[in-house]
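# Survey of secondary and tertiary structure
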Amino acid sequence: MKFNPNARLDTSQVQDRRGGGGGGGNGARSSGGFGGLPGGRGGLAVGGGGLGLVVIVVVVLISVFSGGGSTGTSGGTGSLLQGAAGNATVDNSQLATACKTGADANTDEDCAAVAVINSVQGYWQDALASSGTTYREADTVFFTGSTRTGCGQGTAGMGPFYCPPDQLVYIDLSFWNQLKTTFGANDATFTKAYVLAHEYGHHVQNLLGTSDRVGTATGATSGSVRLELQADCYAGVWANHATTVPDASGQVLISEITDADLQNAAQTAGAIGDDYIQTTIAGRNVDPTQFSHGSSAQRQNWLLTGYRSGNPASCNTFDTNNLG
């Protein structure tokens, strides 16, 4: 995956809550990182499901074998998350200085994330406008350790997630290392783009009212699984159009996505499937009744379905008996 060196990056779509304003690649992040896998069920109440919540699922599988993330934001385990601790001061100064162009995105992973966020939002703004729907931008919050969210206190252990009440995406960027070391996935640039695009898929679902159709139940054909698979498909749809999405001045943001990039993303989708987590990571037998995100094959299938079609209409996981 390559970014257009001449493209201009818009860091206003990011809220940098890391100490000192972040920026400057790996050296700008604190040592807190992802740490060990956290216990407890509180994180499961964070809205939107979120690709990163599979980390919490691992913990639950190991401890009580009770399944995946909920999209609810009130009641139940949600009350356990209410709090205001964590870094909440936004300082984009270092990020804005470091991340000006696509050339910066090609050499700095923070800037690459900014470029991807710009591209994903640019695509959905046009795509929804063509269907008569207004897209509302959702910032991505970079944080370290923990931070305040509209869904309660967010922590690094939740992985990336989307919170419907405040319409923000949250990520502790140390997740990229956890993705590789814990799940055996790769941390290629396009893999990271897939993760971010998946979370913005949840934002689109929230804007379209799709999220309202989903309760807290788990299972192979549950609304939770359908929501997650659709977000994977939406990520694929964006990827299909990524090399045509311009910045504010008309310069294309992403100049190249290769077959190898797509294979990397598909490999990662397989490494975060419910069946893979249950067997390879949790050491249990496969139990489809506890699925919350979909199987490895399903996640790969819907990511590729979106990419091959390039059409959001192909992502109607709620109107099929065959989820792949």
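First things first, this report covers the structure right here in the doc. No experiment lies behind these values; they were computed from the predicted model shown.

## Focus on the pattern of salt bridges
- Per the counting criterion, the structure on display carries 5 salt bridges.
- Ionic pairing is found between Asp110 and Arg18, a salt bridge with its closest N-O pair at 3.1 Å. On the criterion of sequence distance, the pair formed by Asp110 in helix α4 (residues 109-130) and Arg18 in the loop between β2 (14-16) and α1 (54-63) is long-range, its members being 92 residues apart. Like Asp110, the residue Arg18 is buried in the burial classification.
- Overlapping salt bridges bring together Asp16, Arg18 and Asp110 as one network.

## A short note on the sheet that holds strand β6 (residues 161-163)
- The 4 strands are arranged β2-β3-β7-β6 in an open sheet whose pairing can be described as mixed. Pairing within the sheet leaves two strands with one partner each, and these edge strands are β2 and β6. Sheet twist, expressed as the mean angle between neighbouring strand axes with direction ignored, is 25 degrees.
- Judged from the 3 bridges that link them, strand β3 (residues 140-142) and strand β7 (residues 168-171) form a sheet pairing that is parallel. Looking at the pairing, Phe142 lines up with Ile171 of β7.
- Here α4 sits on the sheet and contacts β2 and β3; the angle it forms with β3, its principal contact strand, is near 170 degrees.
- Packing against the sheet, helix α6 (residues 189-208) makes contact with β3, β6 and β7, and its axis sits at approximately 25 degrees to β6.

What counts and how
- Residues numbered from 1 in each chain as written.
- Predicted model: local features only at pLDDT ≥ 70, side-chain atom pairs only at ≥ 80, totals over all residues.
- Heavy atoms only, no water.
- Salt bridge = Lys/Arg side-chain N within 4 Å of Asp/Glu carboxyl O.
- Helix = DSSP H or I, 4+ residues; strand = E, 2+ residues; numbered from the N terminus.
- Buried < 20%, exposed > 50% of the residue type's maximum accessible area, 1.4 Å probe, protein only.
- Pairing = 2+ DSSP bridges.
- Axes fitted to C-alpha atoms, helices over the stretch in contact; angles between N-to-C directions.
- Contact = heavy atoms within 4.5 Å.

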